[in-house]
Amino acid sequence: MNTRWLERASATLGISGFGFFIFSVVAMALGPVVMLRKVPMQTVEQISQNVIPDFYDLLVRYPDEFKKYFGDPGDPPDEAKMRQYFAEALRLGRKVYIAEGCWHCHSQFVRPLADEQLRFGPTSWAAEHQNELQLPPLFGTRRVGPDLIREAGVRSNDWHAAHFYDPQAVVPDSVMPRFTWFFEERKVPYENGVKIVPNQRGLAIITYVQWLGSWVRPPAEGVPLTASAAEDYR
Amino acid sequence: MTNHVSTHPGSGALSGAGERPLVNLALVKGHIVASLVWFFVGLTGGLLFSMQFFRHYPFPGIELLSPGRVRMVHTNMMAYGFILNAFFAGMLWSIPRLTGFPILSDKLGRLFFWGWQVILAFVVGGILTGHAQAVEWGETPVFIDPFISVWVLLGVVNLVAPILKTRGRPLYVTLWYFSASFVWTVLNYLMGNYIPQFFVPGAGGAAIAGLFIHDLVGLFVTPIGWGLMYYFVPSILNRPIWSHALSLVGFWGLAFFYPLNGVHHFLYSTIPMYVQYGAVVSTVAVELVVTTVIVNFFMTLRGMGRTLVTSLPIRWFYTGMVAYFTTCLQCAVQVQLPVQQIIHFTDWVVAHAHLVMFAVFGSWIMGFFTELWPRLVRRPWKSRALLEWHYWLTTLGIWTMFLTLTALGLQQGYLWRGLNPWEDMLRSSIPFWVFRTFTGVLIIAGTVVFAYHAWATARQPVPAAVTERVEGAEPAAP
Ligand code: HEM
């Protein structure tokens, strides 16, 4: 058999270079994209229709910082404004999550394995990643810390604030880095006159982790549930 | 090592134009030096980040040195700083010799060289100031991606020109790998950095990101690495590759199966199962193909085993090949879904990544640096002992790192499986993580020895007799 033609630039560039590569993209990437075409990508505006209770809690806990960085939603808080601030916080929170490389220590999908379901919660399904905040996807390939896609409501906002400021203060064995630049000082008339509170990035990252998986968590009392969220809720 | 006078095809020839030397030695040398500089940046990043794992990160609370950001500097500088620069050096040396034509333009070569180093500096700055992109191994900031795309294209055009000038003559094996990889690298970069960033979220995007991660290793680093082996090993041993048929099987098998592997980075995810199964099957297929390549190279060495002792480049190359076979065997095992259940997300994978990136490609790079440096500075290596120290420190470092992290990965996987508290995993991992940092210090020490030795070699005066011998390999500048 004469195989010399396999050794020419036309074959190596054309067949293997272009041909095999394009074949692989069609088979391995276009396939999933086509299969998921009926699950449209949700925008942050759509997602933020369901403001999570923890976002209201942040307003109560850190009213000055909340108003300084997002705006004053009034009293009682105006829902439309809260949705808008929530969208802002989610976008910024995700940005911080990417910038700090959180996704190199935390994954965002639960595998269909018994121990993961017991530890984290329901197995992930494709639709829950079909949104703008998974563009690019933040699945992750490493777990130095636990998976975060079911983090919503597992901890309180206070816990997160303390944890981001100094993880070891909350979990003594933690190897998670400190993120002191998510915080600022506020003058108060007690405790040596200063208190450490989350700044804009701090509020945003707390919002973001509290949102992760909020769609599988039972609705908190008094928080309206939209039809689509109710449908997603399993 | 310096005394296997060049048997490289085409060596000593001047290109047709008469004036222009075939190989631009200044560019080769420049890329080697740049590669080492970025290697140190990457190593420092790895060492710093590894100290976070036992809570001794030296710069806590400093935003610009946030450990997560430093990790991304580590991986990106290894890929785009260390390995890419090194491979350009190897290709700038070998392509003209194999084709008989110089690169398209020396000016373009210099533009690529300096532009690339500037881009790398911006990548480091961009990541440290919080502009990383959420594509694993493509964390280069989004606003730098277009420059990288253009620059990679420039570099490729410069190198592909001599290959195209062969006008349909059958090419030597090395050039099959290089030419295919040029196309792959450009397409892969465009695919991985733009589609998941702007168009496809979630599972579809992850499938593409998985392809990108894997293709960067499998379709850029691996083929260029093997291409260089097909060039340097026969030319140093002064005998042809054992079997041409196996070379063909190796290349075409890799070219077909490697691109299909990517999704194995996201097994048990929400990516459709047919894709995941496909990735598993083709990963195993790659292992079979790799075996043919390994057999081919070890048969090439038959009867010449002593060169492993006498020639450091050959020793580096074959050490790398043992590591390559190990990683690929590992691939075939760890890709199995039951194994994935335990080892995915653990340090097992980190061990695997270091084995393939450093024990394989790093060894090959160190091997051909050892081979080329004396020719580039026209002086023999100053000290055999220092070459040995480089080899042994680095090799010991990377292999102990691999073993430690592999064992640790199993331990972590089973602790999670048993639903032990997360802190148990952390507490029991810390002794391993401390040891990992120590193995990193060994690697750094070996590299420091090499860098010093290269510098000292370049500075020493040249005895006339040696000049003759070394220069025999290379025409003096016209
Ligand atoms: C001083 C020696 C080194 C040290 C201390 C070191 C340390 C580290 C650490 C701590 C990580 C993060 C692991 C994790 O997320 O759990 C890492 C990841 C990585 N390093 Fe290194 N490293 C070293 C050398 C190298 C070399 C020489 C290369 C390649 C040429 C390399 C390539 C990588 C890659 C590709 C990853 C990503 C692994 C993954 O995500 O699975 N490293 N390294």
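The preceding data block contains the structure.
The residue numbers shown here count from 1 along each chain, following its written sequence. Starting at A for chains and at 1 for ligands, labels are handed out in the order in which the entities are written. With pLDDT at 70 or above as the cut-off, local features in this predicted model cover only qualifying residues; side-chain atom pairs require 80 or more to be listed or tallied, and sums for whole chains, interfaces and linings still use all residues. The basis for the side-chain values is all heavy atoms of the structure; hydrogens and waters are excluded.

## Quick word on the packing of aromatic side chains
Cut-off, in case you're wondering: Working definition: a ring pair exists when centres of Phe, Tyr or Trp rings (six-membered ring for Trp) sit within 6.5 Å. Plane angles under 30 degrees give stacked, over 60 give edge-to-face, the rest tilted. For the exposure calls, accessible area comes from a 1.4 Å probe over protein chains only, and a residue counts as buried if that area is under 20% of its type's maximum, exposed if over 50%, partly exposed in between. Our definition puts a charge over a ring when NZ of Lys or CZ of Arg is within 6 Å of the ring centre and also within 35 degrees of the ring normal.
Enumeration according to the criterion identifies 58 aromatic pairs over all chains in this entry. Taken together, a centroid distance of 6.3 Å and an interplanar angle of 65 degrees make the contact between Phe198 of chain B and Phe199 of chain B edge-to-face. Since its relative accessible area comes to 44%, Phe198 of chain B is described here as partly exposed. Above the face of the Phe345 of chain B ring, Arg143 of chain A is positioned so that its terminal group lies 3.8 Å from the ring centre. Positioned over the ring face of Tyr391 of chain B is Arg315 of chain B, at 4.9 Å from the centre of the ring.

## Examining the environment of Gly125 of chain B
Let me state the cut-off plainly: Segments assigned H or I by DSSP are reported as helices when at least four residues long, segments assigned E as strands when at least two residues long, and all are numbered from the N terminus.
Locating Gly125 of chain B in the fold gives a position in helix H3 (residues 106-128). Looking at Gly125 of chain B, the relative accessible area reads 32%, which means it is partly exposed.

## Structural notes on the pairing of strand E2 (residues 194-198) of chain A
Residue and element names in this part refer to chain A. What counts, and what does not: Paired strands, as defined in this entry, are two strands with at least two bridges between them according to DSSP.
Pairing of strand E1 (residues 183-187) with E2 involves 5 bridges; the strand directions are antiparallel. Residue pairing across strands places Glu184 opposite Val197, the latter belonging to E2. Where E1 folds back onto E2 in an antiparallel hairpin, the turn is made up of 6 residues, including Glu191, whose phi is positive at roughly 45 degrees.

## Concerning the side chain of Asp173 of chain A
This is how the line gets drawn: Residues adjacent in sequence count toward polar contacts only when both atoms are side-chain atoms; beyond that, a polar contact is any pair of N or O atoms within 3.5 Å, and within protein one must be able to donate a hydrogen and the other to accept it. By the convention used here, residues are in contact when the closest approach between their heavy atoms is within 4.5 Å.
Its location among the elements puts Asp173 of chain A in the loop between helix H8 (167-170) and E1. Side chain to side chain, Asp173 of chain A and Arg427 of chain B meet in a polar contact 2.3 Å long. Setting aside residues no more than four positions away along its own chain, Asp173 of chain A makes contact with Arg55, Glu423, Leu426 and Arg427 of chain B.

## Digging into the layout of surface pockets
Going by this rule: Using only the protein atoms, space was sampled on a 1 Å grid; points where a 1.4 Å probe fits but cannot get out form cavities, open sets with protein on both sides within 12 Å along at least five of seven lines form pockets, and lining residues are those with an atom within 4 Å of a point. Grid points are joined across faces, edges and corners, and a volume is the space filled by probe spheres set on the points.
Size it by volume and the second largest pocket reaches roughly 740 Å³. Lining of the second largest pocket is provided by 35 residues; of these, His106, Gly145, Pro146, Leu148 and His163 of chain A occupy positions nearest its centre. Of all the elements in the fold, those that place two or more residues in the lining of the second largest pocket are helix H7 (157-165) and helix H9 (200-211) of chain A together with helix H2 (67-99) and helix H14 (422-459) of chain B. Broken down by element, the residue count for the lining of the second largest pocket peaks at 4 residues, all from H7 of chain A.

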